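Geometric and topological summary
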Amino acid sequence: MVRLRKNEQQTLLTIAHLGGKAKVSQIVTTSNLSHAAVMRAALTLSKEKLLQIHEQKQTIAWLTKEGEIYEKNGLPERCLIESLNSLGGKAKIDKTVKNARLEGQRVPIALGWLRIKGWATIERKENTLTALKKPQIGIDEEVMALIARADKGRIVVEELEKKERGAIATLRKRKLLAVEEKILRTLEISLHGQKLLKKGVAPDEEVSQLTPELIVSKKWRTKKLRKFNVTAPGAPIYPGKIHPLQQIIERARKIFLEMGFTEIRGPLVETAFWNFDALFQPQDHPAREMHDTFYLSVPKAGQLPNKKVVDAVTKTHENGWTTGSKGWGYPWSAAEGRRLVLRTHTTAETIKYLSAQQKPPIKVFSVDRVYRNEQLTYKNTAEFHQIEGIVMDKGATLRDLMGTLKTFYERFGLETVQFWPSYFPYTEPSAQAMVYVPKLHHWIELCGMGMFRPEVLAPMDIKHPVLAWGGGLDRLAMVELGLDDIRLLHGNRLGWIRRTPACQ
Amino acid sequence: MPVITLQRDKFSDFIRRDITLKEMTDWLPWLGFDIEEVGEDNVKVEFNPNRIDFSSYAGVARAFKGLRGWETGLPNYDVRSGGTVLSIDEAVSKVRPFMLAAVVSNVKLDEGEVVDLMEMQEDLHWGIGRDRKKASIGVHNLDVVKSPFTFTAVEPDSVRFVPLDRTEEMSLKEILQKHEKGTAYRHLIDWSPKYPLLIDASGEVLSVPPIINGELTRVTEKTRNLLLDVTGTSLAAVEKCLNVLSTALADMGGTLEQVTVNYPDRTVLSPNLDPQTMKLRTAYAAELLGLGFSDSEIVECLEKCRLGARKAGTGVLEVKIPAYRIDILHEVDLVEEIAIGHGYYNLKPTFPASVTIGRQHPTCKAANTARQIMIGLSFTEALNFTLTNENLHYQKMRRKPVQSVTLANPVSAEYTITRQDLLPGLIQNLADNKHESFPQKLFEVSDVIVLNNSTETGCERRMHVAAVSSYSTANYTEMKSTVEAFLANMGLTQWKMIRAKHPTFIEGRAASIKVNNQPTGIVGEIHPEVLNLFELENPTAAFEVDLEAILD
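Notes on the structure follow.

Rules used throughout
- Residues numbered from 1 in each chain as written.
- Chains lettered and ligands numbered in written order.
- Predicted model: local features only at pLDDT ≥ 70, side-chain atom pairs only at ≥ 80, totals over all residues.
- Heavy atoms only, no water.
- Helix = DSSP H or I, 4+ residues; strand = E, 2+ residues; numbered from the N terminus.
- Rg over C-alpha atoms; globule rule 2.2 N^0.38 Å.
- Buried < 20%, exposed > 50% of the residue type's maximum accessible area, 1.4 Å probe, protein only.
- Contact = heavy atoms within 4.5 Å.
- Areas by Shrake-Rupley, 256 points an atom, 1.4 Å probe, with all protein chains shown as cover.
- Lys, Arg positive; Asp, Glu negative; His and termini not counted.
- Charge placed at Lys NZ, Arg CZ, Asp CG, Glu CD.
- Buried area = accessible area lost by both parts, 1.4 Å probe.
- Salt bridge = Lys/Arg side-chain N within 4 Å of Asp/Glu carboxyl O.
- Polar contact = N/O pair within 3.5 Å; in protein donor to acceptor, adjacent residues only side chain to side chain.
- Nonpolar A, V, L, I, M, F, W, Y, C, P; charged D, E, K, R; others polar.
- Pairing = 2+ DSSP bridges.

Now for the overall build of chain B. Looking only at helices and strands, chain B has 16 helices and 28 strands in total. A globule of 552 residues ought to have a C-alpha radius of gyration of about 24 Å, yet chain B, at 33 Å, is considerably larger. Based on the C-alpha atoms only, the size of chain B along its principal axes is roughly 95 × 65 × 50 Å. Each of the 552 residues in chain B was classed as buried or not, and the buried ones make up 56%. A fraction of 69% describes how many contacts in chain B between residues 6 or more apart in sequence connect residues 24 or more apart. Here chain B displays about 23100 Å² of accessible surface, and carbon together with sulfur accounts for 47% of that area. Charge-centre separation for chain B: the mean point of 58 positive side chains lies 4 Å from the mean point of 75 negative side chains.

And the structure:
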């Protein structure tokens, strides 16, 4: 004798009540069981050969946004032919278009369909249109109207006539329709099932959900706990999660902290003075131009630090001051230094910090937000994260900088790191740390690095060598996360965040 | 950054050795080049703007031969005296005051080299000339014009000539209005009542610096003798351009001849390719690099970088710098040359000896605590940009715009201001993720920027926390419990919820959160009109708290 569980029993009885054969959706509404429960029951019942599952493909079609607009206002070719007829059946293209109030991008579409539908001819040389025949309402327009009137704006394509189905294909190509394929399932009680129903279905004595009552009263001893299909797929659960990029930011922060660096955090809006001038970047440097740096219109200008520092920076730019440098040889402008920018590097905060904290050794870092005036593309964003590390110490050397970086990146998991000569306006000697990426077959830049120039140190009264390095974190994160489009890193696509393991 | 494509065979000619592509890609990085692309028989490399002398084969070859030890020390450039004379008219001093020139005779340029020469000119215009403002170059066929030359300034309508790439005469005014170079660079001179003009002994026009040359002096592969002119607003920039260009042409086989340049108040002989001299303390170099080099080892490294060096007293070297090296400003620049000559690949990394203890920044530490609490409450983190726009930040949130930090030069309509709240970004995230399964619970712990007159920059960065919960039965009650769980786990024992009116939230379903009697946040159920504006279909509740305010 077959024992049926409650849901299975209810499903079977509901189908019988509905005449022995019913759509799943009908069973769900009638029985008040959930869709998943009915389907689970159906699978078991079908295994027991008590019912049969019939599957039928169903194509649901609905109008796209563009389709909805056309349905309301008429297809572009319809607008155009009506406009042409109102102009007497022959007219210049421009005039017809203007009269039809057709948007520019829709004109080629409209002209193409006018010809295909044989409603008008186009004289290219004279740029005129001539109407040919009375434009009957086409099957495509009828179908669009049909869909617009349908329940929830959706129709089942299979229920249409052949001619109408042809129009569906054309409208899909024109992107005026969207379709989705669904499987429609119908459940039918088998002969075996009917026999069972006649005999009467045995009540279920197995316990599915253990309850506090059963536990406390110890009644569970008299019940049978049902065996579950422990391998059946369950609904996915997504844990709360730190954003993958933030996980990588954390990794970088931890390495710095383990290496004895202290974290600093400065403002996102800076004066050009701290962002550029204090770092010996001349005021006509290309990086300072509007197409590289975001300047502010509100607020427009900030305050400069004390006169002593400003004077020293002014003279260093103009003639090298007491630094032994030639300087850049131009008149330095305080107004230019007061302009506010969204900081282009975290070094703006570093130099400010070093100007105030001067007892060696100092080891500080930041992993923080910076800006560049860039269009959003697959490899650039206007806003990104920069890693920056600084060592100020008696007798610190270029080789110490290389050693510090090598350790840092090794801990990141990057072993093949080289240091190539490079150039930055505020460091000398300068280098760039490069890592070989076997997957890409080439070296990519991890960061720029160097020792602060005397022209940077002297005006801030910094007496010991400063080792500095800085680089974008986002590119490193892309390599680590296997992304080739930076927009994915910042797009906050929930699917991607949910899929990416929490161990970056 | 500027780039140069080096054909292997042509580069081999310049270094007088047959070299493989691999040898080129292996060694060029050690001079500071980035390998952009490796072609079938060429390498495209990027170079730093301070080494604008790398804009020609000759420049790269000089350095390459030095680094490999094939040809070291200071390169010599002979400049013969010559009969060419150039007069600078007082009239031009107000619009483009400086001009220097050089003659290069007996050059043989093939078609490719004429193109290279033009590319080098463009690199110099960009790197030194600041897009022709500070300096710009003209290269002319000397044989079709006659010395003495005059650099003067004339009325825009007074002179007509055929500019490059045209067949008909145009006036200076027409060139500025119609010629593509004229429209591109007219801002450099059109404010002046008179425009600069370079003419020869018989009044033939060579060029309108810095706009365009005449067709008359066009340089082709048949040209044998060149006149180089550089004009500008900065004498230093003019000099640098001329030095880099003339040394490159000399290395390509030309013979340099002096031009006598007569300014109203002085006469100079141009080009002046005498090397500059700079002192270098060897102990200073050793300290920075962490290398215990002898003086002679340092001299050897410098010579590999094509510098001249000799001992000039104890621990001091006298270094001679060739005229094309425009980047040496300070003794420290010579220290880098030592490292390059020695080879960066030979520098063994060491680790700084001092012991230090690292500390987190308190705000970042608190932000991480906030993140831990929020993921414990099943929320997933989003990371949005601080850049946003008024429509998203205010209009779609049903709020009246208030003054925010505003960009002077936005690159798109999407990013015009910086955010003062995190919530608009999170709501946008929900709108972008409608196709994903529900419930959707997102949070962000990140920066906002608010105006604040008491700071040096008139604004202030603050760390906020915000969260949204969106699904078919999301509501105020749940979100209030969430924010209270958050506050309690941040260590707060007291806060107040006060009924609040806020256009983003449903009336009667929003509360302001007060800590120490200061408003520090808001919690509520999002107004259905906001949901409609973002095309969201599920009820959504949200909170936002100023994290720094609850730490104070």
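From this point, things continue past the structure.
Here the focus is the interface of chain A and chain B. On the chain B side, the residues contacting the 95 residues of chain A number 94 residues. For the pair chain A and chain B, the two sides together bury roughly 7800 Å², of which 56% comes from carbon and sulfur. A per-residue breakdown of the area chain A buries against chain B is headed by Arg265, Arg399 and Pro421 of chain A, which together make up 11% of the total. A salt bridge links Glu548 of chain B to Arg265 of chain A; the shortest N-O distance between them is 3.9 Å. Joining chain A to chain B, the criterion identifies 52 residue pairs in polar contact (both at pLDDT 80 or more). For the side of chain A that touches chain B, the element with the highest residue contribution is helix α17 (residues 398-412) of chain A, accounting for eight residues. By residue class, the composition of the side of chain A that touches chain B is 40 nonpolar, 30 polar and 25 charged. Taken together, the two bridges between strand β12 (residues 296-298) of chain A and strand β21 (residues 406-407) of chain B define a ladder with antiparallel strand orientation.

Residue and element names in this part refer to chain B. Relative to the helices and strands, Asn489 is located in helix α14 (residues 476-489). The exposure class of Asn489 is exposed, given its relative accessible area of 54%. Taking the C-alpha atoms as reference points, Asn489 and Met374, 115 residues apart in sequence, are found 10.0 Å from one another. One polar contact links the side chain of Asn489 to the main-chain carbonyl oxygen of Ala485, over a distance of 2.9 Å.

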